[in-house]
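# An overview of the molecular structure
As a plain string of letters, each chain reads:
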Amino acid sequence: MTRTIFTVVGARPQFIKAAAVSRVIAGRPDLNELIIHTGQHYDANMSDIFFDELGIPAPKRHLGIGGGSHGAMTGKMLEALEAAMIEDKPDAVLVYGDTNSTLAGALAAAKLHIPVIHVEAGLRSFNRRMPEEINRVMADHLSALLLCPTQTGVDNLKAEGITRGVHAVGDVMHDATLYAIEQSRAKSDVIEKLDLEGRDYAVCTLHRAENTDDPHRFARIIAFLEEQARERLVVFPVHPRTRKVMAERGISPKGVKRVDPMGYFDLHRLLIDCSLVLTDSGGLQKEAYFHRKPCITLRNETEWVETIDAGWNRLWTEVNWKVPRSEISDYGHGFAANSIIETIISHTQKA
Ligand code: UD1
């Protein structure tokens, strides 16, 4: 029997995770995947480039819902996804991470009694002021199958009373990173393009609403970046949200090389030769570890506590690195996508 899985994606990190899982699904004759793109990220360098580079199958539907307030965006997605699910009658709905697209996909499916599978379940920052925290808590409580990247995720769910359908499967971002490392040396010319050959540089990304929307906090982070830039060049691919805020507030940090958002292979090529990562992204904190590069997280807390405990990551509010550094076994060995698919198959057989 062939089962149809309806994959909801919308934002950059979801394209990357879905690519790793889609590659495994493509090799399974018993599974049929329909990809639905909500349109949350719509710029070519935030969306199309990932589909092209990572060979993600073309979305069956593109809902074109990007921008607007959280309520408006999530509401429009909910309505459109519900209609699509009623038409396509999937056997399960697969959602990733913690974006508004994740919440809309999970809620639409749960109300239609379609099992929700949440990849990256159980992560918590314990900061309810983050839209992502609300999205991930809600998605977890709506899911039938909760696929955690780490044991910390399993423990967090247990503390909220969720134990059924919970599995630690490893981190699919590790799969994605290994693939990018393998491809990026041959496929990326970013080092030449940005004239970085032989230079000491850090890679920076910054886009979280909690940082960009508070002008005082944002100014403090920019001052911190300028301080870092006195020691080495800071290469900063600027997210559209952050670009808008910087233009509006006339901010132009010294020693920081601002560039457009880049594809996955270019970003990983930069990570291979950098000496430091500065970021408020969830994914990049771990990608830094996968490259064994130190990371300073531009937030007051992180969901990826293992990277802090092992000494590879520290919050920007902390002064010293924890030494010595150790290896992290929780994230798996780059086969999380296989574990995800095996778990889905055995779960749906039992159902
Ligand atoms: C979203 C996710 C976040 C994830 C991030 C990855 C939520 C609540 N947040 O944040 O968890 O880490 O994606 O990047 O879902 N914009 C463009 N072009 C684009 C995309 C966005 O101009 O291609 C603009 C939007 O119109 C909006 C702003 O950038 O004004 C922010 O986009 P939004 O989708 O709200 O969330 P992100 O900050 O990207």
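Please refer to the structure higher up on the page.
This section reports on the structure supplied with the text.

Criteria and thresholds
- Residues numbered from 1 in each chain as written.
- Predicted model: local features only at pLDDT ≥ 70, side-chain atom pairs only at ≥ 80, totals over all residues.
- Heavy atoms only, no water.
- Buried < 20%, exposed > 50% of the residue type's maximum accessible area, 1.4 Å probe, protein only.
- Helix = DSSP H or I, 4+ residues; strand = E, 2+ residues; numbered from the N terminus.
- Pairing = 2+ DSSP bridges.
- Right-handed = clockwise from strand over helix to strand, strands pointing away.
- Phe/Tyr/Trp six-rings, centres within 6.5 Å; stacked < 30°, edge-to-face > 60°.
- Lys NZ or Arg CZ within 6 Å of the ring centre and 35° of its normal.

## Topic: the pairing of strand β5 (residues 116–119)
The alternating pattern of β5 places Val 116 and His 118 on one face and Ile 117 and Val 119 on the opposite face, and all of these are buried. In this sheet, β5 lies alongside strand β4 (residues 92–96) in parallel orientation, the contact comprising four bridges. Residue pairing in the sheet places Leu 94 in a bridge with Ile 117 of β5. In this fold, β4 hands off to helix α4 (residues 100–111), which returns the chain to β5; that crossover is right-handed. Sheet topology note: the β5/strand β6 (residues 145–148) ladder contains three bridges and is parallel. Looking across to β6, one finds that Val 119 is bridged to Leu 147. Taking the sense of rotation as the criterion, the β-α-β connection linking β5, helix α5 (residues 131–142) and β6 turns out right-handed.

## So, the packing of aromatic side chains
In the structure shown here, the tally under the stated rule is nine aromatic pairs. Arranged with centres 5.6 Å apart and planes meeting at 75°, the rings of Phe 224 and Trp 316 form a pair that is edge-to-face. Of this pair, Phe 224 sits in helix α10 (residues 215–229) while Trp 316 sits in the loop between β13 (313–315) and α15 (336–350), and the two are 92 residues apart along the sequence. Among the residues examined, Phe 224 registers a relative accessible area of 11% and is labelled buried. Taking relative accessible area as the criterion, Trp 316 reaches 10% and is therefore assigned buried. A network of ring pairs unites the aromatic residues Tyr 289, Phe 290, Trp 304, Trp 312 and Tyr 331 as a single cluster. Directly above the ring of Trp 321 sits Arg 314, whose terminal nitrogen or CZ lies 4.7 Å from the centroid. Between the NZ or CZ atom of Arg 325 and the centre of the ring of Trp 312, over which it lies, the distance is 5.2 Å.

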